[in-house]
Amino acid sequence: MKLQFMGAEKRVNDTIIFPSFNLLVNPGQVAALYSSVNVREQIINLLLGKTGLSHGEIHIGQNLLKQPTKNIGFLFLNVALYERLSIEEMLHFIKSLYASNQNIDQAIKAVHLDHKRKLKIDKLSYSESRRVQFSCLLLQNPAIYILEEPDQNLDLESKQIFLYLLQKLRQLGKTVLILTGNMESAVTAADEVYKLDGSGLSPIQIESDDSKTSEYQLEEEQQTDMGQPVQFKKIPTKVKDKIVLFNPPEIDYIESREGQSFIHIKGEAFPNDFTLQELENRLLPFGFFRCHRSYIVNLQKVREVITWTRNSYSLVLEDAHKSSIPLSKSKMAVLKEMLGLK
């Protein structure tokens, strides 16, 4: 059963939470929406039927979503289990609640908790409790799975189990939408990744790390062969075994630590194989500035220039974390000249 957003737009008073967007998630597909907590909560409330769209429609299969439907199952980030029950008792309760025909033993084994089935839930670790929540969702057996931050703070074993379960859901033809604010989680788990914010919906381009030639490399080779100057439109970063390509305007700043470059985007740091000098050359046409020997900053993201002493300066960004970037004395003089200041 497909999940489809058609011209979906949400406003709260005069604030646009997200502008009109179209998204189709088909059976057998795992898609991820990378977004803020506010956007994530709005999407969940829309799918729960608690709120409505300002414009547009959401379709479940061929039908317009007008109210909560049994075809959608949710894995919420913050949800309480009955801690006095054992795992087995909790699953019996869920099976009865949803009149499920699914097998409890299989649901427990799927999350690798068969050896703890008699244990009270309040004796479980956080990761094990999350696995119980996923087991409850498997018993519901919905056509569409909505997973909120499904692997946040999980131990390695639980993350591996989660990825294995996603593969099983693909094989069963389930439709899966992950809502997350963690790019690594999105890229690792999903087939398609999208960013949804106040600017709208945009796909995140992903390449396998073992690909012989990525999109940006092809562009370089073709333009070089034609004898034309190369200007890269996307910057590659590594996430697990995949390469994610970011548009330069998305980047807040770039930092070099112990010989490794890291691209910072909305509070997350992504490793990059280029040197700081190479990145400076590539990003110069997009309004980036080498403000320190170890930093490159997107000048469009700078909010303030702070003078600490005669020789100590910082740039404060307009991101959610109000990131502070060092500005060297020599670069301060260059920046003043660029801004037309004395």
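What counts as what
- Residues numbered from 1 in each chain as written.
- Predicted model: local features only at pLDDT ≥ 70, side-chain atom pairs only at ≥ 80, totals over all residues.
- Heavy atoms only, no water.
- Pairing = 2+ DSSP bridges.
- Helix = DSSP H or I, 4+ residues; strand = E, 2+ residues; numbered from the N terminus.
- Contact = heavy atoms within 4.5 Å.
- Axes fitted to C-alpha atoms, helices over the stretch in contact; angles between N-to-C directions.
- Expected span 1.5 Å × (residues − 1).
- Buried < 20%, exposed > 50% of the residue type's maximum accessible area, 1.4 Å probe, protein only.
- 1 Å grid on protein atoms, 1.4 Å probe; cavity = no way out; pocket = protein on both sides within 12 Å on 5 of 7 lines; lining within 4 Å.
- Points joined across faces, edges and corners; volume = space filled by probe spheres on them.
- Nonpolar A, V, L, I, M, F, W, Y, C, P; charged D, E, K, R; others polar.
- Salt bridge = Lys/Arg side-chain N within 4 Å of Asp/Glu carboxyl O.
- Parallel < 35°, antiparallel > 145°, perpendicular 65-115°, else oblique.
- Left-handed = near helix turned anticlockwise from the far one by under 90°.
- pLDDT = per-residue confidence, 0-100.
- Patch = residues over 30% accessible without salt bridge, like charges linked within 9 Å, V, L, I, M, F, W, Y side chains within 5 Å.
- Areas by Shrake-Rupley, 256 points an atom, 1.4 Å probe, with all protein chains shown as cover.

A. Representation of the sheet that holds strand 2 (residues 15–25). Taken in spatial order, the four strands line up as 2-1-4-5 in an open sheet, and their pairing is antiparallel. Two strands lie at the open edges of the sheet, namely strand 2 and strand 5 (63–64), each paired on one side alone. Both strand 1 (residues 3–12) and strand 4 (residues 55–60) contribute to a ladder of five bridges, which runs antiparallel. From the neighbouring strand, Glu9 faces strand 4, where its bridge partner is His55. Each of strand 1, strand 2 and strand 4 is contacted by helix 1 (residues 37–48), which is oriented at about 60° to strand 2, the strand it contacts most.

B. How the structure looks around helix 1. With twelve residues, helix 1 ought to run about 16 Å at 1.5 Å a step, and its terminal C-alpha atoms sit 16 Å apart, in line with that. Among the residues of helix 1, those classed as buried are Val39, Arg40, Gln42, Ile43, Ile44, Leu46, Leu47 and Leu48. Just downstream of helix 1, Gly49 is the residue with a positive phi angle, here 80°.

C. The arrangement of the layout of surface pockets in detail. A volume near 580 Å³ is recorded for the largest pocket. What lines the largest pocket is a set of 24 residues, and nearest its centre among them are Phe74, Ile94, Tyr98, Leu137 and Gln140. The residue makeup of the lining of the largest pocket, split by class, is 17 nonpolar, six polar and one charged. If you add up the space inside the second largest pocket, you get close to 500 Å³. Along its surface, the second largest pocket is lined by 24 residues, and Tyr34, Ser36, Lys266, Gly267 and Ala320 are the ones closest to its centre.

D. Main features of the pairing of strand 6 (residues 72–75). Burial of the side chains of strand 6 extends over both faces: Ile72 and Phe74 are buried on one face and Gly73 and Leu75 on the other. Bridging between strand 6 and strand 7 (residues 144–148) involves four bridges; their strand directions are parallel. Note on strand 7: the bridge partner recorded for Phe74 is Ile146.

E. Local environment of the pattern of salt bridges. Taken as a whole and judged by the stated rule, the model has 17 salt bridges. Taking the shortest distance from any N to any O, the salt bridge between Glu149 and Arg40 comes out at 2.9 Å. With Glu149 in the loop between strand 7 and helix 5 (156–171) and Arg40 in helix 1, this residue pair connects regions lying 109 residues apart in the sequence. With a relative accessible area of 5%, Glu149 lands in the buried category. Look at Arg40 and you get buried, because its relative accessible area is 8%.

F. Expanded view of the packing of helix 2 (residues 87–97) against helix 4 (residues 126–140). At a minimum axis separation of 9 Å, helix 2 and helix 4 run at an interaxial angle of 30°. The angle between helix 2 and helix 4 falls in the class roughly parallel. Of the two possible hands of crossing, helix 2 and helix 4 adopt the one that is right-handed. Here Ile87, Met90, Leu91, Ile94 and Lys95 of helix 2 lie close against helix 4, whose contacting residues are Val132, Ser135, Cys136, Leu139 and Gln140.

G. Here's a closer look at empty space enclosed by the protein. All told, the structure shown has one cavity of 30 Å³ or more when counted by the stated rule. In this structure, the largest cavity encloses a volume near 80 Å³. What lines the largest cavity is simply Leu75, Val111, Arg130, Arg131, Phe134, Pro150, Leu154, Ser158, Ile161, Phe162 and Leu165. Among the elements of the structure, helix 4 and helix 5 are those that each provide at least two residues to the lining of the largest cavity. In terms of residues, the lining of the largest cavity owes the most to one element, helix 5, which gives four residues. Among the residues making up the lining of the largest cavity, the classes are represented as eight nonpolar, one polar and two charged.

H. Quick peek at the confidence of the model for the protein. When the pLDDT values of the protein are averaged, the result is 86; 90% of them are 70 or greater. Confidence over residues 209–232 falls short of pLDDT 50; this stretch has 28 contacts with residues more than four positions distant or in other chains.

I. How the structure looks around a nonpolar patch on the surface. Together, Tyr82, Phe93, Leu97 and Tyr98 give the surface a local cluster of nonpolar side chains, amounting to about 430 Å² of exposed area. Note on placement: Leu97 falls in helix 2.

J. Representation of the side chain of Ser129. Take Ser129: it is sitting in helix 4. Excluding residues that lie within four positions of it along the chain, Ser129 makes contacts with Leu81, Ile121 and Leu124.

K. Seen up close, the packing of helix 4 against helix 5. Look at helix 4 against helix 5: their axes get within 10 Å of each other, and the N-to-C directions meet at 15°. Here helix 5 runs roughly parallel to helix 4, going by the angle between their axes. At the point where helix 4 passes helix 5, the crossing takes the left-handed sense. Of the residues in helix 5, those touching helix 4 at Ser127, Arg131, Phe134 and Leu138 are Glu157, Ser158, Ile161, Phe162, Leu165 and Leu169. Class assignment of the residues belonging to the contact of helix 4 with helix 5 gives a composition of six nonpolar, two polar and two charged.

L. Inspection of unusual backbone geometry at higher detail. Of note in this structure, Asn141 is not a glycine but carries a positive phi near 55°. With respect to the element layout, Asn141 can be found in the loop between helix 4 and strand 7. Within the chain, Asn153 stands out as a residue other than glycine whose phi angle is a positive 65°.

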